[in-house]
Amino acid sequence: MRRISLPGLIFTSVLAIAGVAVAQPSIDLLDPFQPGVSFGQLPSGRAWGGTTAVAVDADGKSIWVFERCGGESCADSKLPPILHFDPSGKLLTSFGAGMFVFPHGITVDRDGNVWVADADGKNGKGHQVIKFSPKGKVLMTLGKAGMPGDAPGYFNRPTGVAIARNGDIFVSDGHGGDSNARIVKFSKSGKFLTTWGKKGSGPGEFDVPHGIAVDSQERVYVADRSNSRVQVFDANGKFIADWKQYGRPSGVYVDGHDVIYVVDSQTTDKTGCTTDPGCRHGIRIGDADGSVKYFIPRPDGDPVGPEGVTADANGTVYGASNEGKRIVQFNKK
């Protein structure tokens, strides 16, 4: 057995992913965090827009956000949507103005490079994944600008990107409707390697693959939102597990110790949803065997709670709230 430490919290894992019984999402779990507080200081005159994308930097402390230019889209905006904050929330740098349509996913690789996914297209922009240096220099572009498709080299509304420790690139491609519903894998250099998945509800099929993460063993975790599950695969797309115990996931993050964070902003009771706890919106924290250990309920006053999630090296959790139009910080008690 292996013990994993999230600072102040202990997890035990046997890595028996396929052996975990499927359970329904629960709120009857310990919440070891303080109530959420707003994070990130924007320049005077700029307001937060919708965001589903937040990521911790390679330094383990500072935070990156991919934000929708003060509204619901960046298509006609001149504001920079990629924002970097220090641990106190002070804005350090921003870039990407005029490059994006619908900011959706963000991650930072081990070298500190920033990867973002643009989940729509307009005016010759969008449907791409772009890699930036920490200073904003474009290092790699995947997909064809403003040209949706399902052939190698194309995306149709990509929602997220995850980078394995060996540099492999995984993209969750598709945001419902007539877009794609698949995962695409590239080499570190950007060479297309493989793709898997199609629209559906069976093993290896997707209905709005809304986020993606990779653990230390290069297992791939997909927030298969409209199927209300997290699907787990090996690095080549072989199906491993189907988890419903994390709710209806909008985002998934795996930290350096293989602790898993899944955020649910859409679960409703079959008989109708009024106020929490009936909705069960929040962030569930678990282990690589699929067990769920902790639950952070959505913050008071936030319509549905965060859609994106990350955690820093100290175990502080950050949620990206699309409808709430803010980044929420959850500090440990």
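Preceding block: the structure.
These numbers were taken from a predicted model, which means no experiment stands behind them. Residue numbering note: each chain is counted from 1, following its sequence as written. For a predicted model such as this one, the threshold for reporting local features is a pLDDT of at least 70, and the threshold for listing and counting side-chain atom pairs is 80 or more; totals across whole chains, interfaces and linings nevertheless cover every residue. Water and hydrogen atoms were dropped before computing side-chain values, which therefore reflect all heavy atoms in the structure.

### Quick notes on the overall build of the protein
Thought 1: A count of helical and extended segments in the protein gives zero helices and 26 strands.
Thought 2: Whether a residue is buried, partly exposed or exposed follows from its accessible area with a 1.4 Å probe, protein chains only, as a fraction of its type maximum: under 20%, in between, or over 50%, in that order. Residues classed as buried in the protein amount to 58% of the 333 residues present.
Thought 3: The contact definition used throughout considers only heavy atoms, calling two residues in contact when any of these lie within 4.5 Å. Contacts spanning at least 24 positions in sequence make up 48% of the contacts within the protein whose residues lie at least 6 apart.
Thought 4: Residue-level accessible areas treat just the shown protein chains as cover; the underlying method is Shrake-Rupley with a 1.4 Å probe. Total accessible area on the protein stands at roughly 13000 Å², and carbon and sulfur atoms take up 49% of it. Under the DSSP-based scheme used, a helix requires at least four consecutive residues in state H or I and a strand at least two consecutive residues in state E, with every element numbered from the N terminus.

### Description of the environment of glycine 315
Thought 1: Relative to the helices and strands, glycine 315 is located in the loop between strand S24 (308-311) and strand S25 (317-321).
Thought 2: Sequence separation of glycine 315 and phenylalanine 33 is 282 residues, and the distance between their C-alpha atoms is 9.8 Å.

### A few points about the sheet that holds strand S8 (residues 103-108)
Thought 1: Strand pairing is assigned whenever DSSP detects at least two bridges linking the two strands. On the basis of which strands lie adjacent, the open sheet formed by four strands has the order S8-S9-S10-S11 and antiparallel pairing. With partners counted over all chains shown, the strands left at the sheet margins are S8 and strand S11 (138-142), one partner each. Strand after strand, the sheet turns through a mean of 20° between neighbouring axes, direction not considered.
Thought 2: Here S8 runs beside strand S9 (residues 114-122); their pairing, made up of five bridges, is antiparallel. When the sheet's bridge partners are listed, valine 108 is paired in S9 with valine 114. Only the stretch in contact is used when fitting a helix axis, every axis being a line fitted to C-alpha atoms; angles between N-to-C directions are given from 0 to 180 degrees.

### A short note on the nonpolar core
Thought 1: What we call a nonpolar core is a set of buried Ala, Val, Leu, Ile, Met, Phe, Trp, Tyr and Cys residues that are connected through their side-chain atoms within 4.5 Å. Judged by nonpolar contacts, the single largest core of 26 residues is most densely connected at Tyr261, Ile283, Ile285, Val317 and Ile327.
Thought 2: Sequence-distant contacts of isoleucine 327, defined by excluding residues within four places in its chain, comprise Val37, Ser38, Phe39, Trp48, Thr51, Val54, Val65, Tyr318, Gly319 and Ala320.

### So, the state of the cysteines
Thought 1: Any cysteine sulfur atom paired with another within 2.5 Å is treated as part of a disulfide. Going through the model one piece at a time under the given rule, you end up with one disulfide.
Thought 2: Each disulfide pairs two cysteine sulfurs, and for cysteine 69 the partner residue is cysteine 74, the sulfurs being separated by 2.0 Å. Taking the sign of the S-S torsion, 105° for the link of cysteine 69 and cysteine 74, the bridge is right-handed.
Thought 3: Taking the relative accessible area as the measure of exposure, cysteine 74 reaches 2% and is therefore buried.

### Digging into the pairing of strand S4 (residues 53-56)
Thought 1: Going residue by residue along S4, you find Ala53 and Ala55 tucked away on one face and Val54 and Val56 tucked away on the opposite face as well.
Thought 2: In this sheet, strand S5 (residues 63-66) lies alongside S4 in antiparallel orientation, the contact comprising four bridges. By the bridge assignment for S5, alanine 53 is matched with phenylalanine 66.
Thought 3: Once S4 ends, the chain turns through six residues before running back antiparallel as S5, passing glycine 60 with a positive phi of about 75°.

### What to know about the sheet that holds S5
Thought 1: With antiparallel pairing, four strands are arranged side by side in an open sheet as S4-S5-S6-S7. Each edge of the open sheet is held by one strand with a lone partner, namely S4 and strand S7 (91-95). Across the sheet, the mean angle separating the axes of adjacent strands is 20° when strand polarity is ignored.

### Quick word on unusual backbone geometry
Thought 1: Positioned with a positive phi, cysteine 69 is a non-glycine residue whose angle comes to about 55°.
Thought 2: For cysteine 69, a relative accessible area of 9% puts it in the buried group.

### Structural notes on the pattern of salt bridges
Thought 1: Take a side-chain nitrogen of Lys or Arg and a carboxyl oxygen of Asp or Glu: if they are within 4 Å of each other, that pair is a salt bridge. All told, the structure shown has 15 salt bridges when counted by the stated rule.
Thought 2: Linking glutamate 205 and lysine 198 is a salt bridge whose minimum nitrogen-to-oxygen distance equals 3.9 Å.
Thought 3: Taking the relative accessible area as the measure of exposure, lysine 198 reaches 52% and is therefore exposed.
Thought 4: Residues joined in a network through salt bridges with shared partners are Asp168, Lys185 and Glu218.

### A look at the packing of aromatic side chains
Thought 1: Any Phe, Tyr or Trp ring, taking Trp's six-membered ring, that has another such ring centre within 6.5 Å forms a pair; planes under 30 degrees apart are called stacked, those over 60 apart edge-to-face, and the others tilted. Per the stated rule, a full pass over the model turns up 16 aromatic pairs.
Thought 2: Note on phenylalanine 66 and phenylalanine 100: the rings are 5.0 Å apart at their centroids and 85° apart in plane angle, and the pair reads as edge-to-face. Taken together, the residues phenylalanine 66 in strand S5 and phenylalanine 100 in the loop between S7 and S8 connect sequence positions 34 residues apart. For the pair phenylalanine 66 and phenylalanine 100, a shared accessibility class is recorded, and that class is buried.
Thought 3: Relative to phenylalanine 233, the ring of phenylalanine 206 lies with its centre 5.8 Å away and its plane at 55°, an arrangement referred to as tilted. Of this pair, phenylalanine 206 sits in the loop between strand S15 (192-196) and strand S16 (209-214) while phenylalanine 233 sits in strand S18 (residues 229-233), placing them 27 residues apart in sequence. Each member of the pair, phenylalanine 206 together with phenylalanine 233, is buried.
Thought 4: Grouping aromatic residues by their ring pairs yields a cluster made of Trp64, Phe66, Phe95, Phe100 and Phe132.
Thought 5: Either the NZ atom of lysine or the CZ atom of arginine qualifies as a charge over a ring when it sits within 6 Å of the ring centre and within 35 degrees of the ring normal. Between the NZ or CZ atom of arginine 68 and the centre of the ring of phenylalanine 102, over which it lies, the distance is 3.8 Å.

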